[in-house]
Amino acid sequence: MITIKKIAELANVSPGTVDRIIHNRGQVTQDNVDKVNAIIEKYGYKRNILASNLALNKKFHFAVFLPKYENLEYWKSQIAGIEKAALEFGKFGVVLDYFFYNFNVISFKESFNKVMNFDCDGLLFAPIFHDESVNFLNEYKKKNIPIVMIDSNISSNQEHAYIGQDAFQSGYLAGRLISFAVKNERQVLIFKITREIESTSVYLQRINGFYSFFKDHDELTNFKFSEVTIKDSGINQLNTEMFSGINSVFVPNSRAYIVARFLHENNIKGVRIIGYDLLKENIEYLNKGVIDFLINQRPEEQGYMGINYLYKKLVLQEPVENIHYIPLEIILKENYSGV
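Treat the numbers as computed from the prediction; the structure is a model and nothing was measured. Residue positions within a chain follow its written sequence, with the count starting from 1. In keeping with the model being predicted, local features are shown solely for residues with a pLDDT of at least 70 and side-chain atom pairs are shown and tallied solely at 80 or more, while totals for entire chains, interfaces and linings include all residues. No hydrogens and no water enter the side-chain calculation; it runs on all heavy atoms of the structure.

## Some thoughts on the sheet that holds strand β3 (residues 122–125)
A sheet is described by the order of its strands in space; here six strands give the open sequence β2-β1-β3-β4-β5-β11, paired in parallel fashion. At either margin of the open sheet sits one strand with a lone partner, and together these are β2 (94–101) and β11 (323–325). Neighbour-to-neighbour, the strand axes of this sheet turn through a mean angle of 15°, independent of strand direction. One bridge is not enough; two strands pair if DSSP finds at least two bridges between them. Numbering goes from the N terminus for both helices and strands, where a helix is a DSSP run of H or I of at least four residues and a strand is a run of E of at least two. Two elements, strand β4 (residues 147–150) and strand β5 (residues 161–164), share three bridges in a ladder whose sense is parallel. Bridging across to β5, V148 finds its partner in A161. Here, two residues are considered to be in contact whenever any of their heavy atoms come within 4.5 Å of each other. For helices, the fitted line uses only the C-alpha atoms of the stretch in contact; every axis is such a line through C-alpha atoms, and the angle between N-to-C directions lies from 0 to 180 degrees. Relative to the sheet, helix α5 (residues 73–89) contacts β1 (60–67), β2, β3 and β4, its axis offset from that of β2 by approximately 160°. Across the face of the sheet, helix α6 (residues 105–116) comes into contact with β1, β2 and β3 while running at roughly 150° to β2.

## So, the pattern of salt bridges
Salt bridge, as used here, is a side-chain nitrogen of Lys or Arg placed within 4 Å of a carboxyl oxygen of Asp or Glu. Per the counting criterion, the structure on display carries seven salt bridges. E139 is the salt-bridge partner of K142, the closest N and O atoms lying 3.2 Å from each other. Relative accessibility decides the category of a residue: with a 1.4 Å probe and only protein chains considered, values under 20% of the type maximum give buried, values over 50% give exposed, and everything between is partly exposed. Residue E139 is classed as partly exposed on the basis of its relative accessible area of 33%. One salt bridge connects E301 with R298, and the closest N-O pair in it is separated by 3.3 Å.

Structure (structure tokens):
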């Protein structure tokens, strides 16, 4: 790689003149600008941005706007990945500022206002509430700050990056898994266990993807579908009648263990269960053979890559792909590694 000193020698100017041209500051004659730019174009000079930032002791503040993670294993894993990235990139000037919200709209809106009033260079965001998140993104675009979303991807007028699973395809995959090795009539229950009003894009897209698999495979005429919705606080509402005649259960979020625990405690066998995420309780019932498949979202990787995206885009000033889909990883009892 050619240096500023070498460019100066070739252009017969001082290194200071080359530096002023590269950084577009100070008075320089057009003749020298043309000579220096021609040499840069020929030899491919690239400024060491990282060294410049370190020399200037420059700080890059990234806002992290996520749900509160206490007692929520999935979001703890996201935070673990984020903090791993913070430790790795902190020596290059990256500073994280956290804004957490509870799983309700009021708390989200309170944090919404705090994030809007916070001055930062980039934003990592998990849009749990769809409509409110769209409003937030439309407002935030006025800041003209890079945004990367994890866990859920939603459409808005604001250009943003996304790191996570293709939710529709993961639901489609769940449909395929349920269809395997089925010859007789199959009663499928979509079991929705929600916290408040589950309106996240990822949740709805999974369900749409699940149904789309069977629409695309109309030869599978032996499948019948029903749905049950209960609040997370009302899991004592489960009863054996819900599972009468049911052969398969699809849980479109991380709460498959709730259904698995009920079936296990009531000695209800022969029901295939498919859910999401390697939570400890899900793994417990996977190992017991009650849960058949878990689709892993790799939350720690999502968190790490979200900060890594902002680091590359803002600190290194490198081009970065705006969409990065986490591979759809199918976990069974037989291939769970325990890590």
